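If you want the building blocks of each chain, they are given just below.
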Amino acid sequence: MIVVPVYNKMILPYSRIYFRTDEFKSLSGRVAIGEKVVMLVKKEDIPKEEYKEDSFYPLAVTGNISSISAEGYVEVMAGERVYIDDVSINQDYSIELSIRRNPVTIDISEELRSKKLEQIRREMNEYVSNYSWGQSAKAFISQFNSLEETVCAMSIWMTISNEEQYSLLEIDSLKKRTEEIERMLYEYIEVAKVSSDASFAQQEEYQNMYKESAIKKQMEYLQKELDELHPEKVTDVRKFEMKIDNAGMNETAEAEARKVLNRLKQEGSHSSETGMLYDYLDFVTSLSWKSEDPKNIDLDFASKILDEDHFGLKKVKKRIIQQIAVMNLKKKQSGSILLFVGAPGTGKTSIGKSIARALGREYSRVSLGGARDEADIRGHRRTYIGAMPGRIMDGIQKSGVSNPVMVLDEVDKIGASYHGDPASALLEVLDPEQNHTFTDHYMNVPYDLSDVFFICTANTTDTIPGPLLDRMEVIHFEGYTPLEKLSIAKEHLLPKAMEKMGIPEGKISISDDMINKIISEYTREAGVRGLRKRMDTLCRGAAVEIAKEPENVFEVTEDRLRDELDMRPVHREKVPEKQKSGVVTGLAWTSAGGEILYIETVFTKGKGNIIITGQLGDVMKESAQIAVSLVKTMFPDKADVFEKNDIHIHVPEGAVPKDGPSAGITLTTAIASLVTDKAVDPHFAMTGEVSLRGVVTPIGGLPEKLMAAQRAGVKNAFIPKENEDDLRDVAKEVLDQINVIPVSNVEEVLKKVGITTDDMQRDTDAA
Ligand code: ADP
C-alpha cells in the first residue's frame, strides 16, 4: 500500500485523480498498475521532513493505480472514504496508517444522481460553447461518469481551497454532498460568466471604438463627396477642418489650429472673437508646412539664368554660383546669408529674384525699411486687437512654400524702439541654429525657416548692428559706369519696357547717343532705376504714336526726348574750370553712390574760431580741427591770420556722416589754399583721411567715388596710397579717364596742386 499525502487536490470517492509520477517517487511502495494507494489530506503544505502525526486530516480515500502514462502521469481510481485511526511516521519519512472504513450514507437515488449529472453537463456545455476551446472542453467533461469525477476534474480550474475540498469529503450524506458540489459548480459557472461578461463588455468597448472610428471615416468620406457636389455649401469651419487635415503641420501647430477651430465652432458667427479666430486659421492653413526635397541645381543652367537677367555683376554672380555649388554638395536648401550692399537701383533686389529663378524656387521680398518693433519681425500676440503676423511669416505665406528665396530688403533701415529690438529678432531668423523653430508671436507655434534662402540688401553697412552684420557675408554692388548703363539700357531695360507696353520689336529706333544722353542728362544715379523709369516713359509715349500710326517706326530724337520725358535735363554738375582760393573738390561716398562736392573756406573777422556749416557740421568738426592745426604747423608765419579771423568751413550736404573723416585731405588743402591764397585747380579731386602729422590714411567706397569723379569730368584724383588695391574694383573706363594719384601724406597733395614744399619751406624758414 502506498500512502500518498495530498494538498489542495480534490479527492472524492469513486473519481479519477491524477498525479505526476514524481509525486510518487519519494514514497515507499511499488508504483504499478493495480497497486493500492491511500490518499490522505495534509493540513498544511509542508515537506515530508516536517511530517508529524497530526499533520493530516482524519478522513482519507483509498484507491488503485489504474494507469501510468508515458507523459508522466499516474491515474488513481478512487474507492471508498476511510477514517484514519492512527498515523506513524517512520525514520525514512514513510507513513504507516491504520484505517477503518467510513463510507457515506447513500441517501439519493442512482437515477437522481445521473439526472443531476446530466443537468450539470448541459450547463457546462452551454457555458463552454462560448469559447473557442469549448469543443475540447465538452469532450473532456463527457468522459466522466459521476458527479465526483466531474468535480475532481474541474477542481483544477476552480479556485477551491484545501479546506473547502476537505469539507466536501467530510459530508456524510451523499445527497448533501451532491447539492454542495452542485452549488460549487454553479458558483463557478456564475463567476466565470460574470468575468467573461466583463471581458465581453470590454471587448464591446473596443468594438465600439472601432465602430466609432469606422463611422467617422465613413462620415468624412460622405462629407467629402457632399462637399464636392456642393462646393458652395461647404461651411468655413468645415473648410478649415479639411485644410488642417491636409496641411501637414507639425504636432504643436496642428494642436493649436484645432484648438482655435474648436473655439470658432463654439463662438458661432456673431461673436467679436470670430474674426480673429477666422483670420488666424486662414493664415496658418495657407502656410506651406511641407518640406521640399533639395534639388541638384545645374550650375551652367544657373549661370545662364543669372546672365540672362542681369548685365555685368561678375563678382556677385560668381559668388552666387559658389553658393549654389556648396548647397548641391551639402544637399541643403540654404547656405551663408549674403548681404548685398550698394546704391539703389544697382540690381540687388532683382538679382534675388533671378537667383530664385535659377534655383527653380519661389521668390519672396520682405521690406524691413522702417521696422521699429520686434513685432514687425515676429508679429503681435493674438491678445492684441488687430494682431498680425510679422513680416517674415507674412512673406513665407505669400510665397506659398516653405523654402523660398527670401530677400530681406533694407536691413540698414531697421530702427529700434522701446517695443523691443527688431534686429535681435532678425538675428534669430537668420541663425541656422535657431531658425528651424522660429516662433512668430501671432502664430504662437514654431515654424521651420531653415530651408529658406535668405538674402539681405542694404545701401550701407554703417547702420546695421554689429551682431547682425557678423552673421552675413557682405557683397558690394559698386554701381554702373555710363558704358555699362548703356549696355543695360539696350539689352535689358529697353526690351523689357517695350514688352511691357506691347511695342513690337523694331518699332522704336534709338541711337546709343540718345541713350547716353538719357543717362547723362536725365538721370543722376549710381544704379539704373531712373534709367529704367525713363525707358518706360519713353515707351509709353511711343505706344501712343504707334497705336495711331502702326506703320511708323518711333524714332527717338533730342526733341522727342525732351517732350516725352517731360522733364528738364538734370543739370549735371561738371567741374568748373576755375575756382577761388579756399575751395577744393572733394569726393564723397553716399548711400546713393558717389558724389563730388566742393569744400569752401573763408576767413571772416573774429578771434580764431572755427565755424562749420553744412549737413555734416558735428562730424566734420574733428576733421576740421585737425586740418586747421595741421595747416597752422605747416605755415607757422600765418599764425596771426588764424588768430585775428574766424575760419568758416562749409561742407555742402551729400556725404553720409561716416564719410566725414575722408574729407580730411580736402579740408586741409582748402585751408592751405585759403591761407596761402593759392587757388587749386578744381580738376584735382581728392579723398582721404588725415592724421595730425599729415599722414593720409585709407577710406572706403573708392569705386563709387571715382565713378562720381568721372561723371563730373574730373581729370585727377588723389587717393590714399593704401587704397591702391581697391583700384581692382574700379571699372577700366573710369581709370582710363582719370589720372589717379595715390598719396601717403598731405604735402604730396599740396605740392601737386601748386602749394609747393618750397613755399612751405620758405614760410617755415621765415618763421
Ligand atoms: P536695388 O534693389 O539695388 O535697389 P533693383 O534690383 O530694384 O535695385 O533694380 C532696379 C532695376 O534695375 C530693376 O528693374 C533691375 O532689373 C534693373 N537692373 C539693375 N541692375 C541691372 C543689371 N545689371 N542688368 C539688368 N538690369 C538691371
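On a predicted model such as this, the values are computed, not experimentally measured, just so you know.

Participant: I'm lost on the overall build of the chain in this one. Help?
Facilitator: Each helix and strand counted, the chain has 27 helices and 24 strands in total. What you see for the chain is a C-alpha radius of gyration of 52 Å, clearly larger than the 27 Å of a compact globule of 767 residues, by over 25%. If one aligns the C-alpha atoms of the chain with their principal axes, the spans along those axes are about 155 × 75 × 50 Å. Looking at the chain residue by residue over its 767 residues, the buried ones come to 47%. Within the chain, residue pairs in contact and separated by at least 24 positions form 73% of the contacts whose partners lie at least 6 positions apart. Summing over all exposed atoms, the chain offers an accessible surface of approximately 39200 Å²; the carbon and sulfur share of this is 49%. For the chain, the separation between the mean place of its 98 positive charges and that of its 125 negative charges on side chains is 3 Å.

Participant: What's the story with the site of the ligand in this structure? I'm lost.
Facilitator: The full set close to the ligand counts 19 residues, and Gly-345, Lys-348, Thr-349, Ser-350 and Arg-529 are the nearest of them. Within the contact set of the ligand, an oxygen atom lies 2.6 Å away from a side-chain nitrogen or oxygen of Lys-348. In the model, an oxygen atom of the ligand is placed 2.9 Å from a nitrogen or oxygen of the Arg-532 side chain. Within the complex, 92% of the 550 Å² of free accessible area of the ligand lies under protein. Among the elements of the structure, helix H12 (348-359), helix H17 (482-501) and helix H19 (529-548) are those that each provide at least two residues to the shell around the ligand. Tallied by class, residues from the shell around the ligand come to seven nonpolar, seven polar and five charged. Residue assignment places the shell around the ligand across two domains, with domain 4 (335-469) and domain 5 (482-565) each supplying three or more.

Participant: Would you explain the domain arrangement of the chain in this entry?
Facilitator: Domains assigned within the chain are domain 1 (2-101), domain 2 (110-228), domain 3 (235-286), domain 4 (335-469), domain 5 (482-565) and domain 6 (583-766). On a C-alpha basis, the centres of domain 4 and domain 6 stand 40 Å from each other. With six residues of domain 4 at the interface, the matching set in domain 6 holds five residues. If you sort the residues of domain 4 by the area they bury against domain 6, Ala-343, Asn-459 and Asp-462 come out on top, with a joint share of 72%. For the pair domain 4 and domain 6, the interface holds zero salt bridges. Our count for the contact surface shared by domain 4 and domain 6 stands at zero residue pairs in polar contact (both at pLDDT 80 or more). In the side of domain 4 that touches domain 6, the residues fall into two nonpolar, three polar and one charged.

Participant: I keep staring at the sheet that holds strand E20 (residues 684-686) and nothing clicks. Help me out?
Facilitator: Each strand in a sheet pairs with its neighbour through backbone hydrogen bonds, running either in the same direction (parallel) or in the opposite one (antiparallel). Taken in spatial order, the seven strands line up as E18-E19-E17-E16-E20-E23-E24 in an open sheet, and their pairing is mixed. Strands at the two margins of the open sheet, each flanked by one partner only, are strand E18 (610-614) and strand E24 (739-743). Going from strand to strand, the sheet's axes swing by 30 degrees on average, the running direction of each strand aside. Relative to strand E17 (residues 593-605), strand E16 (residues 583-590) runs antiparallel, the two sharing eight bridges. Bridge pairing in E17 links Val-584 to Ile-599. The sheet strands contacting helix H24 (residues 702-712) are E16, E17, strand E23 (716-720) and E24, and the helix crosses E17 at an angle near 75 degrees.

Participant: Mind showing me how you'd approach helix H4 (residues 147-154) here?
Facilitator: Residues spaced three or four apart along an α-helix point in a common direction, a consequence of the helix completing one turn every 3.6 residues. Counting buried residues in H4 gives eight out of eight residues, a clear majority hidden from the surface. Inspection of H4 places Leu-147, Glu-148, Glu-149, Thr-150, Val-151, Cys-152, Ala-153 and Met-154 among the buried residues, and these make up the whole buried set.

Participant: Help me understand the side chain of Gln-165 in this model?
Facilitator: Residue position: Gln-165 is located in helix H5 (residues 162-170). Leave out the neighbours within four places in its chain, and Gln-165 touches Asn-8, Lys-9, Met-10 and Ile-160.

Participant: How do you make sense of the packing of aromatic side chains when you look at a structure like this?
Facilitator: Two aromatic rings are characterised by how far apart their centres lie and by the angle between their planes. Applying the stated rule across the entire model yields 10 aromatic pairs. Pairing Tyr-57 with Tyr-166 gives two aromatic rings, centres 4.0 Å apart and planes at 15 degrees, and the pair type is stacked. Here Tyr-57, found in strand E4 (residues 56-68), pairs with Tyr-166, found in helix H5; they are 109 residues apart in sequence, far enough to count as distant. For the pair formed by Tyr-57 and Tyr-166, the shared burial category is buried.

Participant: Which parts of the structure should I look at to understand the packing of helix H7 (residues 236-247) against helix H9 (residues 274-286)?
Facilitator: How two helices pack is summed up by the angle between their axes together with the distance between the axes. Where H7 meets H9, the closest approach of the two axes is 10 Å, and the angle between their N-to-C directions is 30 degrees. Taken together, the axes of H7 and H9 lie roughly parallel to each other. Like other packed secondary-structure pairs, H7 and H9 cross with a definite hand, here left-handed. Along the contact surface, H7 presents Asp-236, Phe-240, Lys-243 and Ile-244, while H9 presents Tyr-278, Leu-281, Asp-282 and Thr-285. Its residues placed into classes, the contact of H7 with H9 shows four nonpolar, one polar and three charged.

Participant: Can you walk me through the pairing of strand E5 (residues 73-89) in this structure?
Facilitator: Sheet topology places strand E2 (residues 16-20) next to E5; five bridges connect them, and they run antiparallel. Looking across to E5, one finds that Tyr-18 is bridged to Glu-75. Of the pairings in the sheet, the one linking E4 to E5 comprises eight bridges and is antiparallel in character. The residue of E5 that forms the bridge with Ile-68 is Val-74.

Participant: Explanation requested: the packing of H7 against helix H8 (residues 251-267) in the structure shown.
Facilitator: Relative orientation of the contacting elements H7 and H8 amounts to 170 degrees, with a least axis distance of 11 Å. Comparing the axis directions of H7 and H8 gives the class roughly antiparallel. Touching Val-237, Phe-240, Glu-241, Ile-244 and Asp-245 of H7 are Glu-254, Ala-257, Arg-258, Leu-261, Leu-264 and Lys-265, all from H8. In the contact of H7 with H8, the residues fall into six nonpolar, no polar and five charged.

Participant: Even after reading the chapter, I still don't get the sheet that holds strand E7 (residues 337-342), so can you show me in this structure?
Facilitator: Taking strand neighbours across the sheet as the criterion, the five strands line up as E8-E9-E12-E7-E13 in an open arrangement whose pairing is parallel. Only two strands of the sheet have a single partner each, and these edge strands are strand E8 (363-367) and strand E13 (472-477). Here the average twist between neighbouring strands, direction ignored, is 25 degrees. Relative to strand E9 (residues 405-409), E8 runs parallel, the two being bridged by five bridges.

Participant: It is not clear to me how a nonpolar patch on the surface should be interpreted in this structure. Could you clarify?
Facilitator: A cluster of nonpolar side chains, contributed by Val-31, Ile-33 and Ile-68, occupies part of the molecular surface with about 240 Å² of accessible area. Secondary-structure assignment places Ile-68 in strand E4.

Participant: Please clarify how the environment of Val-730 should be interpreted in this entry.
Facilitator: With respect to the secondary-structure elements, Val-730 resides in the loop between E23 and helix H25 (732-737). Separated by 24 residues in sequence, Val-730 and Leu-706 have C-alpha atoms that sit 7.6 Å apart. The contacts of Val-730, once residues within four sequence positions are left out, are Pro-703, Leu-706 and Leu-735.

Participant: I keep staring at a positive patch on the surface and nothing clicks. Help me out?
Facilitator: Taken together, the side chains of Lys-353, Lys-496, Arg-529, Arg-532 and Lys-533 define a basic patch exposed on the protein surface. Here the positive patch takes three residues from H19, the largest share from any one element. If you trace the backbone, Arg-532 turns up in helix H19. Arg-532 sits in the partly exposed class, given a relative accessible area of 40%.

Participant: Even after reading the chapter, I still don't get the environment of Lys-290, so can you show me in this structure?
Facilitator: Here Lys-290 shows up in the loop between H9 and helix H10 (299-309). Apart from the residues lying within four places of it in its own chain, the contact partners of Lys-290 are Asn-246, Ala-247 and Ser-402. One polar contact links the side chain of Lys-290 to the main-chain carbonyl oxygen of Asn-246, over a distance of 3.4 Å.

Rules of the game
Residues numbered from 1 in each chain as written. Predicted model: local features only at pLDDT ≥ 70, side-chain atom pairs only at ≥ 80, totals over all residues. Heavy atoms only, no water. Helix = DSSP H or I, 4+ residues; strand = E, 2+ residues; numbered from the N terminus. Rg over C-alpha atoms; globule rule 2.2 N^0.38 Å. Buried < 20%, exposed > 50% of the residue type's maximum accessible area, 1.4 Å probe, protein only. Contact = heavy atoms within 4.5 Å. Areas by Shrake-Rupley, 256 points an atom, 1.4 Å probe, with all protein chains shown as cover. Lys, Arg positive; Asp, Glu negative; His and termini not counted. Charge placed at Lys NZ, Arg CZ, Asp CG, Glu CD. Near = heavy atom within 4 Å. Polar contact = N/O pair within 3.5 Å; in protein donor to acceptor, adjacent residues only side chain to side chain. Nonpolar A, V, L, I, M, F, W, Y, C, P; charged D, E, K, R; others polar. Domains from an automatic or database assignment. Buried area = accessible area lost by both parts, 1.4 Å probe. Salt bridge = Lys/Arg side-chain N within 4 Å of Asp/Glu carboxyl O. Pairing = 2+ DSSP bridges. Axes fitted to C-alpha atoms, helices over the stretch in contact; angles between N-to-C directions. Phe/Tyr/Trp six-rings, centres within 6.5 Å; stacked < 30°, edge-to-face > 60°. Parallel < 35°, antiparallel > 145°, perpendicular 65-115°, else oblique. Left-handed = near helix turned anticlockwise from the far one by under 90°. Patch = residues over 30% accessible without salt bridge, like charges linked within 9 Å, V, L, I, M, F, W, Y side chains within 5 Å.

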